[in-house]
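Descriptive analysis of the structure
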Amino acid sequence: MKLDTWKVAALITFIFLTLWTILPMYYAFITAFKSRVEITYWPPTLIPTEFTTHYWITVWFDRPTIAYYRNTIIAGVISTMIALAFSIPTAYTCARFNFRNRADVLFTILTFRFLPPAAVVLPIYVFLRQLALIDTPISLGLLYGAINIPIGVWVLRSYIREIPPELEESYMIDGYSRTRAFFGITLPLIRPGLVAVSLIILALSWGEFLFASILTTSPVGKTLPVGISEYMGGEWGYEWNKIMAVTFYAIIPTLIAFFIIRKHLARGLTFGIVR
Amino acid sequence: MARLCIERISKKFGHEKVLEDISFEVESGSFSTLLGPPSAGKTTLLRIIAGVETPDEGRIILDREDITNTPPKDRNVALVYQTFALYPHMKVYDNIANPLKAKKLPLAEISKKVNEVSEFLNIRHLLDRYPRELSGGEKQRVAIARALVRDAKIYLFDEPLTNLDYKLREAARTELKKMSKSLKATILYATPDPVDALAMSDSVHVLFRGRLLQSGTPRGVYNLPNDISVVKVFSYPTINLIDANLEMKENKAILRTPFASIDFSTYADTLTEGRYLLAIRPHDLHIVFHSEDASSVNSFKARLHLTYVVGSETIAYADANGVTLVLHLPYIYRITEPKDISVLLDLNKILLFDVKSLKRVFPKRGGG
Amino acid sequence: MVKVTLENVTHIYDKKVKAVDNLNIEIPHGKLTALLGPSGCGKTTTLRIIAGLLYPTFGKVYFDERDVTIVPPEKRNVAMVFQFPVVYSVMTVYENLAFPLRIKKLSKDQIDKEVKKVAQFLGIEHYLHLKPTGLSADLKQKIALGRALIKQADILILDEPLTNIDPLARVELREKILQIKKETGITTIYVTHDQAEALTLADLIAVMREGKILQFASPEDVYNHPTNTFVAWFLGNPGMNLVKGILRSVNSKTYVELDGVQIHLPTAILAEIVNRVSINEIIFGIRPESVEVYTESRPGYIHAKSSVVEDTGALRIATVNLGDIEIKVKTEKFLREGQEVYVKFPIEHVKIFDKDGNLIYG
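About the thresholds
- Residues numbered from 1 in each chain as written.
- Chains lettered and ligands numbered in written order.
- Predicted model: local features only at pLDDT ≥ 70, side-chain atom pairs only at ≥ 80, totals over all residues.
- Helix = DSSP H or I, 4+ residues; strand = E, 2+ residues; numbered from the N terminus.
- Buried ≥ 20, exposed ≤ 12 C-beta atoms within 10 Å, placed from the backbone.
- Contact = placed C-beta atoms within 7 Å.
- Pairing = 2+ DSSP bridges.
- Nonpolar A, V, L, I, M, F, W, Y, C, P; charged D, E, K, R; others polar.
- Core = buried A, V, L, I, M, F, W, Y, C linked by C-beta atoms within 7 Å.
- Expected span 1.5 Å × (residues − 1).
- Axes fitted to C-alpha atoms, helices over the stretch in contact; angles between N-to-C directions.
- Parallel < 35°, antiparallel > 145°, perpendicular 65-115°, else oblique.
- Left-handed = near helix turned anticlockwise from the far one by under 90°.

Details of the overall build of chain B
The number of helices and strands found in chain B is nine helices and 21 strands. Overall size of chain B, expressed as C-alpha extent along the three principal axes, is 80 × 45 × 35 Å. Relative to its full complement of 368 residues, chain B shows a buried share of 46%. Here the analysis covers contacts within chain B between residues at least 6 apart in sequence; of these, 66% occur between residues at least 24 apart.

Structure (C-alpha cells):
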C-alpha cells in the first residue's frame, strides 16, 4: 500500500509540472489565433471564440520582420563560424599539450563567459561606433562569436579528450604531420561535438537581446529579439496576438536545433566528469 | 633492416625519472625484447624511438642516422600499440593502407601491398569491415598488418599479446616467431612476460624502474642474471631466495642454509666467507625418488604441504626447516596430506647474490 | 555456503545474439567452480545472471531451493570482484573495507575488528590509512577482495580478477584466492579465459563455448579425459595436438593415416574405433608433453623436423613437421630450430575423436 501512495503522489506531481510547463506555451500559441478584441478578455479564454489566422500573415508585412530574420541568421552563422575557428585550436591545444599554467588559461577562458553583458555594452558601443560598425548584423556576429568561444572550448575539449592520443600518434608514425593528423583523425572523430557546439552557439546568438538592442538602430541591423520587443508599448497598446505569432516564427529554428542535439548536449556536458 | 642504437636516453615526467641513462643496441635483422614489469619505462622508450615523445637527454641512432630530433613521419619506424590504435572511422583496408598513402604511393601499388600483407596475416576477408566489427585477435592482426605493410627500418611492438585471450596469445607467439624469421626485419618487442623473451627473441634487455639492468641473449641472462631484480623478473612462477652463509674450514667450503649444508668446495675458489643471498629457481629443485641420491650431500629433507597440478606440471610448496620453498615439477605429482620428501638441489643452478648490493657474485663469469 | 542451480537458462541480446544457450548446471556449495572459455563464450553473461546484474531471457536461477531469477543483486547476498579493481578513491583503504559493514549497521568496535582481520589476512594492514590512488593494481585488487570477503556473503563471484595484474603479482593473488577457498569454504564462481588459472584454482571446471557448456568436471578429468576436441585443445599449455586422419585398411592391416604419415595402433583398439565410427574420418589427438622425442633415430620412431622452438624456461615447446603435419612437442630437452628429430606417440596417451569432435577412444 505504501508504494501505491508514493506512486500516486509522484504521478500527480508529474502531471502538475507538465501542465505548469506546457500551459503557458499553449496559451501563448493560441493567443496568436485570437482577434484584437479577444486578447483583452478577462478572464482569458483558453479556446478562442473567434479563430483567426490573419495575424500570422500580417506580422510579415506591417513590420520589417523579414529583415530582422535575415539579420538574425547572418549574426548567428557568423558567430558560429568565429567561435569554432577560435575554439577548435584552443580546445585541441588544451587537450593534448601539457603546458605550464594550462589550468589557469582554461579557467580564465571559462570565466569570460560569465562576464555580465550590461557591464561591457556601453564601452563596446563606443568602440564599435568609432569603427562605424553600429547597426550591422556582422558586428553582432563577431561579438557573439567572441562571447561563445568559452563554450566551444569547454565542450570540444572534452570530446577531444575522449579520443585516445594513440590514434593521432599512430597516424603521425604512419607518415603524417601533427596538423594532418588533426584533420585526418581528430576532426572526423569529434564531428558530433562540432555539430552540438554549432547548434548551441547558433541558438544562443539567436536569442540574444541586450547587445542587439543597444548596438542596432534600424532594420539594417536589428535582429528578431529586438524586433519582437518593438511590439511592446506601441501606439496600439500590446498587440499580444502579433507578438505571439512573431515569437513563434522566431523560435522554430531553435526548437528544431535543440531536438537534434538533445542527446549530444547531455553527453558533452557530462563527459569529463565520469572518468 | 637497420641497426638501432639507444645512447644514454633519459626522460622525466615532472619529478619522476621514467628513464635513466638507457643505452643498448639492437642488431640489424634481429628480434630483441625489452623485458620489464609495468611502469618500468618500456612504453615510454618505444614512444621515444617512434618520435611521439622527446627524451630529455640522449640520442637515438637508426641506420647510422641520428633521428633524435626527426619528426615521427620522417623516421620510418613502425609501432604496434598495445591497444592496437586502429582508426575507427576507416575500413580495415584504409587502416592498413594509411602509411602507404602517406608516402603517396600509386593506388595500384598500395592495393598490391595491402592484399599481400593481409593474405600473409590471414585477414584478407576482413578488409571491407570496420574496426568495431572485429574480435581482439583480428584487431591485433590488422595493427600488425599496418606496421608490416611498410618497409620500416625497425618494427616496435608494445605488449601486443597482453590484450589477447590466453589461447590466442599462445598461438600468436608461435606465429610472431615464424613471421619474424621470414621477414628478416629488425624488431624491438616490449613485454612483461619472460616467456616471450625466452621463446621468441635473439636478445633481451631487462628494464626495471627506468633503468637498464642487463642485456644479453635470453638464455644468457636467464642463466647468469646480474641482479636480484633480473632473476625475479626471469623466473616462473617465482624465485626461491634463501639466506646463506659461506664458511671456509681447512680446504672445504660449506654453504649453510637453514635447511641444508652444501659442500661448495669445488665452486668456492672465487668467493670469500660471509653472508649471501642464495637464489634457486623452482624447477632446479628436484624431488628425490631413489634412495642413493637421498644420501647425497646436496639433498635435504623437507615437508611437502601443498601441490597444484597445472595440466602436466605441478607447482609444489615445501617447508624446509622454516623456509618455504617453491618447486616446479615437469610431471604430475599430487598429495592429499603433508608428506616428507627429500629435495635435491642442482648445484650448477645455484646463484649467489651479495646481500648489500644485490648483485650476482656466483657464478663469477660475465653476464649475458 | 550455498549451491547455485541454473535451469534451462538462455539469454538473448538485442533479439539476435544468443549469449547463453540453454544452460543447465548445478554449482556445488563450498567449492570453487571455474567458468572457462574464450572471449564471447558466454561466461561473463552467465556470471552476471548469477549475480543478478542481468535477468535471463528464459530459464531460472536457484540459490539452494530459493528462486532468485529476478531478485535484484543487493538482495542476493553475493559479493563480486571485477576485472578492473573497483575501489573508492575518495575513501581510505580502511573505509573501503568498512563500507559494506557500515550498511549492515554494525558497532564501531565490531567493524574495526573485522576490517583488521581481513586486512591482515590479505597482507594490506600497512595500507589501511592510505587512499587507494597510486597503489599498484594488485594491491587495489586485494582491497576489492577484502571488501568482498568482509561481507560474508553466500557466494563469491570473481570475473577475471587477475587479467589486469602483472605476472609477478599474479602469483601472490592466486595464493590468496586459494587461501580464501581453504579457510572460508565460501561457494566461489570464477570466470577466466586462462586455462592455467582454472586448473590451479578450481575444484570444478565448466568449459564453455558459444553459450554452451561442453564439459563440467574436475580439473584432472577435463585435462586427462576431455570429451571433445575443443576441450582437449583449450586445456593445456599448449593444448592437445589435433590432426585430421583417415582409417585405412590395406591387406587386412588397419592403421590411421594422417596426411601421408601412417600411425599403427594395436588391432584391438582399432577394432573398437572402427565399430564406433560410421565414416572412417577421425581426429587424432595427443598432448605435446606426451609425445616422446629424441634427436637420434630409434626403431618405431617417426622422422620429423623442428621448425620453431620456443624456450619457456624450464621446458621447450617445439613445432615439428612430419610430412605435411605440424605437431607441437613439449620437452625438457634443448632442441634447435631446423633439427632432425624422431617422435613417437605412446598409445596410452593417444585420443581419437570422430569427425565432429566427440571422443571415441582414449
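Having seen the structure, we can now continue with the description.
Focus: the overall build of chain C
A tally of regular secondary structure across chain C gives nine helices and 21 strands. Along the three orthogonal principal directions, the C-alpha set of chain C runs to about 85 × 45 × 35 Å. Counting over 362 residues, chain C shows a buried share of 42%. Taking the intrachain contacts of chain C between residues at least 6 apart in sequence as the baseline, contacts between residues at least 24 apart amount to 65%.

Re the environment of threonine 90 of chain A
Residue and element names in this part refer to chain A. For threonine 90, the location among the structural elements is in helix α3 (residues 65-96). Since 19 C-beta atoms lie within 10 Å of it, threonine 90 is described here as partly exposed. Sequence-wise, threonine 90 and isoleucine 149 are 59 residues apart; in three dimensions their C-alpha atoms are separated by 9.2 Å.

With respect to the pairing of strand β2 (residues 16-26) of chain B
Residues and elements named next belong to chain B. Taken together, the seven bridges between strand β1 (residues 4-13) and β2 define a ladder with antiparallel strand orientation. Paired with cysteine 5 across the strands is glutamate 25, a residue of β2. Between β1 and β2, which pair antiparallel one after the other, the connecting turn spans two residues, and glycine 14 there sits at a positive phi close to 70°.

Overview of the interface of chain B and chain A
Taken residue by residue, the interface counts 17 residues in chain B and 14 residues in chain A. For the side of chain B that touches chain A, the secondary structure elements donating two or more residues are β6 (77-80) and α2 (92-102) of chain B. Partitioning the side of chain B that touches chain A into residue classes produces twelve nonpolar, three polar and two charged.

A few points about the nonpolar core
Judged by nonpolar contacts, the single largest core of 194 residues is most densely connected at Leu156 of chain B together with Ala34 and Ile157 of chain C. Here this core takes seven residues from helix α4 (residues 137-150) of chain C, the largest share from any one element. Setting aside chain neighbours within four positions, we find leucine 156 of chain B in contact with Leu46, Ile49, Ala50, Val77, Ala78, Leu79, Val80 and Leu188 of chain B.

Comments concerning α4 of chain C
Note that an α-helix has 3.6 residues per turn; residues three or four places apart therefore point the same way. Residue and element names in this part refer to chain C. Taking 1.5 Å as the rise per residue, α4 with 14 residues should run 20 Å; its terminal C-alpha atoms sit 20 Å apart, in good agreement. Every buried residue of α4 is accounted for by Leu139, Lys140, Gln141, Lys142, Ile143, Ala144, Leu145, Gly146, Arg147, Ala148, Leu149 and Ile150. In this structure, the buried residues of α4 make contact with β6 (78-81), α2 (93-103), α3 (108-122), β7 (155-159) and α5 (167-184). Two residues or fewer after α4 comes glutamine 152, characterised by a positive phi angle close to 50°.

Describing the interface of chain C and chain B
Each partner contributes to the interface: chain C provides 30 residues, whereas chain B provides 34 residues. Elements with a contribution of two residues or more to the side of chain C that touches chain B: α5, α6 (195-201), α7 (219-224) and β16 (302-311) of chain C. Considering every element that reaches the side of chain C that touches chain B, the biggest residue donor is α6 of chain C, with four residues. Looking at the side of chain C that touches chain B residue by residue, the class counts come to 14 nonpolar, nine polar and seven charged.

Observations concerning the sheet that holds strand β21 (residues 360-362) of chain B
Residue and element names in this part refer to chain B. The strand order β13-β12-β11-β14-β20-β21 describes an open sheet built from six strands, whose pairing is antiparallel. A strand with exactly one partner marks an edge of an open sheet, and here the two such strands are β13 (261-263) and β21. Put simply, the sheet's adjacent strands are angled 40° from each other on average, direction ignored. Across three bridges, strand β12 (residues 252-256) lies against β13 in antiparallel orientation. Within the sheet, the bridge partner assigned to leucine 255 lies in β13 and is isoleucine 262.

Concerning the packing of helix α7 (residues 165-174) of chain A against helix α8 (residues 178-189) of chain A
Residue and element names in this part refer to chain A. For the pair α7 and α8, interaxial distance at closest approach is 9 Å and the crossing angle is 125°. As the angle between them shows, α7 and α8 are arranged oblique. Crossing handedness for the pair α7 and α8: right-handed. Residues Leu167, Glu168, Tyr171 and Met172 of α7 pack against Arg178, Ala181, Gly184, Ile185 and Thr186 of α8. For the contact of α7 with α8, the class distribution of residues is five nonpolar, two polar and two charged.

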